[in-house]
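This is what each chain is made of:
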Amino acid sequence: MKHCIIVKFISEISEEQKVLIIRNINSLFQRSLEIEGIQKINIFQNCIAQANRADLMIEMQMERDALSKFDCSEIHAEWKSEYGKFISAKTIFDYCE
């Protein structure tokens, strides 16, 4: 399955700050490949800077039962504690191919 996290950052963050934050988020999520059942991580940054666009999409390819392992992981806890303050909106979308 694919687990997608679509993020809109708070407006106070500059484009330069977004680049650094996204780089750090990428490093964090790449560590989740150590969790059994998570196979691939893709990080996509929006290329159109408009107010009505999301800034980031995190796409995780995983086995269905790996989602609960990820949700209980230190990586997920760090994601929420370190980066939640930068997020104004977030959408989660899961799908199977």
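Residues numbered from 1 in each chain as written. Predicted model: local features only at pLDDT ≥ 70, side-chain atom pairs only at ≥ 80, totals over all residues. Heavy atoms only, no water.

(A) Inspection of the overall build of the protein chain at higher detail. If you tally the helices and strands in the protein chain, you get three helices and four strands. Starting at the N terminus, the α and β elements of the protein chain follow one another as β-α-β-β-α-α-β. Its C-alpha atoms give the protein chain a radius of gyration of 13 Å, near enough to 13 Å, the size a compact globule of 97 residues would have. By principal-axis analysis of the C-alpha atoms, the protein chain measures approximately 35 × 25 × 15 Å. Across the 97 residues in the protein chain, those meeting the buried criterion constitute 35%. Pairs at least 24 residues apart make up 72% of the contacts formed inside the protein chain by residues separated by at least 6 positions. When the 12 basic and 15 acidic side-chain charges of the protein chain are each reduced to a single mean position, those positions are 4 Å apart. (Helix = DSSP H or I, 4+ residues; strand = E, 2+ residues; numbered from the N terminus. Rg over C-alpha atoms; globule rule 2.2 N^0.38 Å. Buried < 20%, exposed > 50% of the residue type's maximum accessible area, 1.4 Å probe, protein only. Contact = heavy atoms within 4.5 Å. Lys, Arg positive; Asp, Glu negative; His and termini not counted. Charge placed at Lys NZ, Arg CZ, Asp CG, Glu CD.)

(B) Summary view of the pattern of salt bridges. On inspection of all chains with the given rule, the structure shows six salt bridges. Of the charged contacts, one joins Glu15 and Lys18 as a salt bridge, the two residues approaching to 3.1 Å between their closest N and O atoms. With Glu15 and Lys18 both in helix H1 (residues 15-30) and three residues apart, the pair spans about one turn of that helix. Its relative accessible area of 9% is what places Lys18 among the buried residues. (Salt bridge = Lys/Arg side-chain N within 4 Å of Asp/Glu carboxyl O.)

(C) Looking closely at the nonpolar core. Counting 24 residues, the largest nonpolar core has Phe9, Ile25, Phe29, Ile38, Ile58, Met60 and Trp79 as the members making the most contacts within it. The set of elements that each furnish at least two residues to this core consists of strand E1 (2-9), H1, strand E2 (38-45), strand E3 (56-62), helix H2 (66-71) and helix H3 (74-83). A total of five residues in this core trace back to one element, the largest contributor, which is H1. Not counting residues up to four positions away in its chain, the partners in contact with Ile25 are Phe9, Leu56, Ile58, Trp79 and Tyr83. (Core = buried A, V, L, I, M, F, W, Y, C linked by side-chain atoms within 4.5 Å.)

(D) Representation of the environment of Ser11 in the model. Looking at the secondary structure, you find Ser11 in the loop between E1 and H1. Overall, the relative accessible area of 70% leaves Ser11 in the exposed class. A sequence separation of 40 residues divides Ser11 from Ala51, and the C-alpha atoms of the two residues are 8.6 Å apart.

(E) Structural context of the packing of aromatic side chains. Per the counting criterion, the structure on display carries five aromatic pairs. Relative to Trp79, the ring of Phe29 has its centre 5.2 Å away and its plane inclined at 80°; by these criteria the two rings are edge-to-face. Here Phe29 is found in helix H1, whereas its partner Trp79 is found in helix H3, with 50 residues between them in sequence. When the centroid spacing of 5.9 Å and the interplanar angle of 35° are considered together, the rings of Phe93 and Tyr95 count as tilted. A residue is classified by how much of its surface remains accessible, and Phe93, at 46% relative accessible area, is partly exposed. (Phe/Tyr/Trp six-rings, centres within 6.5 Å; stacked < 30°, edge-to-face > 60°.)

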